[in-house]
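The residues making up each chain are set out below.
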Amino acid sequence: MNCILHIAIPCPLRQSFNYLATESEYPWTSGLRVKVSFGSREVIGIVLQASTTSDFDTTKLKPILERIDNYPLLDSELFNLITWVSYYYHHPIGDCFQTALPKKLRLGESTDLINEIFWKKEKTNTTESLGKKQQLLLEELTRSPEGLSQRDLKDLVGECKSSLQSLEKKLLVSQFSQPKQTLITTELTIGCLLNTEQKIAVDTVWKKREQFSPYLLQGITGSGKTEVYIQLCEKMLAEKKQVLILIPEIGLTPQFVQRFKQQLTAKIVVLNSSISATNRKQAWLLAKNSLADIIIGTRSAIFTPLTSAGLIILDEEHDASYKQQDGLRYHARNVALIRAQKLDIPIVLGSATPSLETLHHVNQQKYQRLSLTQRAGGAKLPKVNVIDCSDGNTQNGISHKLINAIRQHIENDNQVLLFINRRGFAPVLMCHDCNWQATCQSCDARMVVHQHRNILFCHHCGLIQRLPKDCPQCQAKELKNYGAGTEKVELTLQKIFPQTPVLRIDRDTTQRVNAFADMVAEIKQGGAKILVGTQMLAKGHDFHDVTLVGVLDADQGLYSADYRATESLAQLITQVTGRAGRGKKSGEVLIQTEQPRHDFWQSIIKQGYQFTADELLEQRVEMAMPPAGALCIIRAEERDQSLAMQFLTDVLMLCNQTAQQDVIIMGPVPAIMERKAGRYRAQLLFTTQNRRALHQLLDQHITAISALKLARKVRWSIDIDPIDLL
Ligand code: ADP
Ligand code: ZN
Ligand code: ZN
């Protein structure tokens, strides 16, 4: 009897592939990695299922090339989660495993952990006099009786290899080998006493720790949400339970991790894009082998194996970086909720500005709200006002009122934070003689002037050109630029305040590894007085001397065609407001707008985020938009203008074959920015009040859609619960 393996292969096809097992008596189970030949390639696949059958024609099946794992790489919990993800997002199973696994493991590397040398103190004592370094080492090792890694010791006392060797000769210390931890140890500090609201939050979650219970921890910025996470971790640690913490994809990780390291005696690992592939694999395996207690990571860390999961935490749950925007378009919050449900454990979603999705679930009493209404440590929320800019009387985008306010705050030796959500110098470059404009040759978009690097830069496809001095069309000598980005604001402020250090923080100035962390350190030390930055700066930073926050281009969010733009603007305004007056000093926020009397400003400033969010949620319900209804987009793109539209028309025809009252299909239509990176883009939108009907419809037709002639010619994708409709 033959053993047939159904294998998920990393490829865009929506099916598994059958191979013959080489050792049929071996216990073949799901989650094992195997090497197989696939077409002309050798690839690593994951066993989905094994079946022994005699009535199956196996003569055409190829045997696998190699079994890689002795035990499943993926335990059944994680395996089932990824299978669910493939089903829910209608995404090829092989590619789902690719997304979930660290690179080195998906390429077939072994699951052996990297070990390193540790030292521990022996019980023996000596009367012999020891060198200074040797004494220091003994002190450190006495403080950590379970031992310290050589790396940790080097960090604590400096180069110490030879001192350790002499101590070893005297039988005072001994070395042993142990899996390498990916973070170094730090000195512990004592946490603060929780206030009443924080205590209620911790106790409530703790009481229901044995069951699936979702919470929204809604706390204004600086109210001590992180402190609540830390104390929950401490309790979980005491019960030997693991905690998985997801954070958004921003430069915040080091600060966040540092607080956990300082307050908890725990093995913490970090999984995000800035750590090396080797460390990422190690961290993943430490978690799998119960050698990590707390796993902190960005989006894809939701796929970390957990052997004794106790709690999942998602910080800044409203953040858009939880949604992957290419390949497997999953939302980590959604996957986290499903995972917590299947694990039967609590999940805490934390935010000062919860998403409408989460608020909707709270309103429906599916999630319990835990509120933190006070700033911890007594700091006050700042005053917020709008500046009327409808007369257009600004100096490169900065109004005189704002300039005066900046002057005042600097004179009081405080820091100022200015937001403008556009990098570069100016978004428009044109010639007044012939009306030439700098546009991208591959996109329906303008090129942005980046004066610093002397280039024109397309923010959509990355195309770079030399900044022209004369008009390329009529050779006129003068080109004019319009609008302002971070560079222009920086330059303008340097001119107005020549004595004051200005620091620009955007993707261009933070490309170097650690650049962002260095800048944050500089800000904290007071080295920069005026900070000009994009959204990067809006999130989570704790700058105690910032007393004035200015928002330069808030109006963009009022006019956008994206149905979520107002929600995002409300979140951004509330988050940046949280950046002022974090310390002992009180703060002020000034928002420039050409629409000072717009209802939105009245609502967000006078009534606050919760009120505004409730209003927006009502509108969504009226329009049957998410979270009241569900959406799906099928996107297509191709160099030939007509093909993307043609493919989607074919998809529509297929879907229309089964009469569907519950799902409304709109389109296909060209994308608002139709041409991007040389490809014409189009989309087909599905809306429904009945999610199940939508999944059924897609399941019914997906095979036929994949088999369409154009399906192999155009690039296309399915996006379930898209957050970007443009
Ligand atoms: P959030 O995560 O809600 O923005 P944090 O947890 O970062 O808030 O807390 C903001 C600041 O208040 C931090 O400096 C933190 O150390 C401090 N803090 C938090 N909880 C307390 C408390 N109970 N007592 C005193 N200080 C606190
Ligand atoms: Zn010209
Ligand atoms: Zn372009």
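If you're wondering where the values come from, they're calculated on a predicted model, not measured in any experiment.

Reading guide: rules and limits
Residues numbered from 1 in each chain as written. Chains lettered and ligands numbered in written order. Predicted model: local features only at pLDDT ≥ 70, side-chain atom pairs only at ≥ 80, totals over all residues. Heavy atoms only, no water. Donors = N, O, S within 2.8 Å, 3.2 Å for Na, K, Ca; no water. Tetrahedral: all angles 85-135°; square planar, octahedral: opposite > 155°, others 65-115°. Buried < 20%, exposed > 50% of the residue type's maximum accessible area, 1.4 Å probe, protein only. Domains from an automatic or database assignment. Contact = heavy atoms within 4.5 Å. Buried area = accessible area lost by both parts, 1.4 Å probe. Salt bridge = Lys/Arg side-chain N within 4 Å of Asp/Glu carboxyl O. Polar contact = N/O pair within 3.5 Å; in protein donor to acceptor, adjacent residues only side chain to side chain. Helix = DSSP H or I, 4+ residues; strand = E, 2+ residues; numbered from the N terminus. Nonpolar A, V, L, I, M, F, W, Y, C, P; charged D, E, K, R; others polar. Axes fitted to C-alpha atoms, helices over the stretch in contact; angles between N-to-C directions. Parallel < 35°, antiparallel > 145°, perpendicular 65-115°, else oblique. Expected span 1.5 Å × (residues − 1). Arc of directions from axis to C-beta. 1 Å grid on protein atoms, 1.4 Å probe; cavity = no way out; pocket = protein on both sides within 12 Å on 5 of 7 lines; lining within 4 Å. Points joined across faces, edges and corners; volume = space filled by probe spheres on them. Left-handed = near helix turned anticlockwise from the far one by under 90°. Near = heavy atom within 4 Å. Areas by Shrake-Rupley, 256 points an atom, 1.4 Å probe, with all protein chains shown as cover.

What about the coordination of the zinc ion (ligand 3)?
For step 1, the next point in the chain: Distances from the zinc ion (ligand 3) to its protein donors, namely Cys440 (SG), Cys443 (SG), Cys458 (SG) and Cys461 (SG), fall within the range 2.2 to 2.4 Å.
For step 2, the next point in the chain: Classification of the site at the zinc ion (ligand 3) as tetrahedral follows from its four donor atoms and the range of 105 to 114 degrees in their angles at the metal.
For step 3, the next point in the chain: Every donor residue of the zinc ion (ligand 3) comes from the same chain, spaced as C-x2-C-x14-C-x2-C.
For step 4, the next point in the chain: Here Cys440 falls in the buried class, since its relative accessible area comes to 3%.
For step 5, the next point in the chain: Cys443 sits in the buried class, given a relative accessible area of 2%.

What to know about the domain arrangement of the protein chain
For step 1, the next point in the chain: Domain boundaries assigned for the protein chain yield domain 1 (4-106), domain 2 (115-179), domain 3 (196-376), domain 4 (379-425 + 484-616) and domain 5 (630-720).
For step 2, the next point in the chain: Taken residue by residue, the interface counts 21 residues in domain 1 and 24 residues in domain 3.
For step 3, the next point in the chain: Summed over both partners, the interface of domain 1 with domain 3 comes to about 2000 Å²; 72% of that surface belongs to carbon and sulfur atoms.
For step 4, the next point in the chain: Between the two partners, domain 1 and domain 3, sit one salt bridge.
For step 5, the next point in the chain: Measuring nitrogen to oxygen at the nearest pair gives 2.9 Å for the salt bridge that ties Arg339 to Glu77.
For step 6, the next point in the chain: Viewed at the interface, domain 3 and domain 1 are joined by five residue pairs in polar contact (both at pLDDT 80 or more).
For step 7, the next point in the chain: For the side of domain 1 that touches domain 3, the secondary structure elements donating two or more residues are helix H1 (76-88), helix H2 (93-100) and helix H3 (103-106).
For step 8, the next point in the chain: Ranked by residues supplied to the side of domain 1 that touches domain 3, first place goes to H1 with seven residues.
For step 9, the next point in the chain: Considering only residue class, the side of domain 1 that touches domain 3 consists of 15 nonpolar, two polar and four charged.

Brief notes about the packing of helix H17 (residues 565-577) against helix H19 (residues 609-623)
For step 1, the next point in the chain: Following both chains from N to C, one finds H17 and H19 inclined at 175 degrees, their axes separated by 10 Å at the closest point. With respect to each other, H17 and H19 are oriented roughly antiparallel. Contact residues: H17 offers Thr566, Glu567, Ala570, Gln571 and Thr574, while H19 offers Tyr609, Thr612, Leu616 and Arg620.

Some remarks on the pattern of salt bridges
For step 1, the next point in the chain: Under the criterion given, the structure shown has 26 salt bridges.
For step 2, the next point in the chain: A salt bridge links Glu66 to Lys35, with the nearest nitrogen and oxygen atoms 3.8 Å apart. With a gap of 31 residues between them, Glu66 in strand E5 (residues 66-67) and Lys35 in strand E3 (residues 33-38) connect regions that are remote in the sequence.
For step 3, the next point in the chain: Relative accessible area serves as the criterion here: at 26%, Lys35 is assigned to the partly exposed category.
For step 4, the next point in the chain: The shortest N-O distance in the salt bridge between Glu637 and Arg715 comes to 3.2 Å. Placement of Glu637 in strand E29 (residues 630-638) and of Arg715 in strand E32 (residues 715-720) is noted, with a sequence separation of 78 residues between them.

Brief notes about the coordination of the zinc ion (ligand 2)
Note on metal geometry: ideal angles are 109.5 degrees for four donors arranged tetrahedrally and 90 or 180 degrees for six donors arranged octahedrally.
For step 1, the next point in the chain: Distances from the zinc ion (ligand 2) to its protein donors, Cys431 (SG), Cys434 (SG), Cys471 (SG) and Cys474 (SG), fall at 2.2 to 2.4 Å.
For step 2, the next point in the chain: Coordination at the zinc ion (ligand 2) is tetrahedral: its four donor atoms span angles of 103 to 113 degrees at the metal.
For step 3, the next point in the chain: The sequence motif formed by the donor residues of the zinc ion (ligand 2) is C-x2-C-x36-C-x2-C. Within this pair, whereas Cys431 is found in strand E20 (residues 428-431), its partner Cys474 is found in the loop between strand E23 (464-466) and strand E24 (479-482), the two being separated by 43 residues in sequence.
For step 4, the next point in the chain: Overall, Cys431 belongs to the buried group, its relative accessible area being 0%.

Observations regarding unusual backbone geometry
Apart from glycine, the bulk of residues carry a negative phi angle, and the bulk of peptide bonds sit in the trans form.
For step 1, the next point in the chain: Across the junction of Pro626 and Pro627, the peptide omega takes the value 5 degrees, indicating a cis bond.
For step 2, the next point in the chain: The backbone of Asp413 shows a phi angle near 65 degrees, a positive value even though the residue is not glycine.
For step 3, the next point in the chain: Tracing the backbone through its elements, the reader meets Asp413 in the loop between helix H13 (400-411) and strand E19 (415-419).
For step 4, the next point in the chain: If you check the backbone angles, Asp721 has positive phi at about 50 degrees while not being a glycine.
For step 5, the next point in the chain: Here Asp721 is to be found in the segment after E32.

Thoughts on the side chain of Thr500
For step 1, the next point in the chain: You can see Thr500 is positioned in the loop between helix H14 (486-496) and strand E25 (502-505).
For step 2, the next point in the chain: On the accessibility criterion, Thr500 (14% relative accessible area) is buried.
For step 3, the next point in the chain: Here Thr500 is in contact with Ile410, Lys529 and Ile530, once residues within four sequence places are set aside.

Let's talk about H13
For step 1, the next point in the chain: With twelve residues, H13 should reach 16 Å at 1.5 Å per residue; the first-to-last C-alpha distance of 16 Å fits that figure.
For step 2, the next point in the chain: Turning to H13, its buried residues number three or more, namely Leu402, Ile403, Ala405, Ile406, His409 and Ile410. Buried residues in H13, looked at end-on, bunch into an arc of 165 degrees, giving them a common side. The exposed set on the far side of H13, more than 90 degrees from its buried face, consists of Lys401, Gln408 and Glu411.
For step 3, the next point in the chain: Immediately downstream of H13, the backbone of Asp413 shows phi near 65 degrees, a positive value.

Points about empty space enclosed by the protein
One simple way to see leftover space: roll a probe sized like a water molecule over the atoms.
For step 1, the next point in the chain: Taken as a whole, this structure holds two cavities of 30 Å³ or more when the rule is applied.
For step 2, the next point in the chain: Every residue lining the largest cavity is listed: Ala8, Ile9, Pro10, Arg33, Ile44, Ile46, Gly94, Phe97, Gln98, Leu101 and Arg106.
For step 3, the next point in the chain: Those elements that provide at least two residues to the lining of the largest cavity are strand E4 (41-53) and H2.
For step 4, the next point in the chain: Top element by residues in the lining of the largest cavity is H2. It accounts for three residues.

Considerations on the packing of helix H8 (residues 225-238) against helix H9 (residues 253-263)
For step 1, the next point in the chain: For the pair H8 and H9, the least separation of the axes is 10 Å and the interaxial angle reads 45 degrees. Taken together, the axes of H8 and H9 lie oblique to each other. As for how H8 packs across H9, the hand of that crossing is right-handed. From H8, Thr226, Glu227, Tyr229, Ile230 and Cys233 reach across to H9, where they touch Phe256, Arg259, Phe260 and Gln263.

Details of the site of ligand 1
For step 1, the next point in the chain: Close to ligand 1 lie 16 residues, the nearest being Leu193, Gln198, Lys225, Thr226 and Arg259.
For step 2, the next point in the chain: Within the side chain of Thr226, one N or O atom sits 2.7 Å away from an oxygen atom of ligand 1.
For step 3, the next point in the chain: Here an oxygen atom of ligand 1 and a side-chain polar atom of Arg259 are 2.7 Å apart.
For step 4, the next point in the chain: Taking 560 Å² as the accessible area of ligand 1 by itself, protein coverage stands at 74%.
For step 5, the next point in the chain: If one sorts the elements of the shell around ligand 1 by residue count, H8 sits on top with three residues.
For step 6, the next point in the chain: Classifying every residue of the shell around ligand 1 gives five nonpolar, six polar and five charged.

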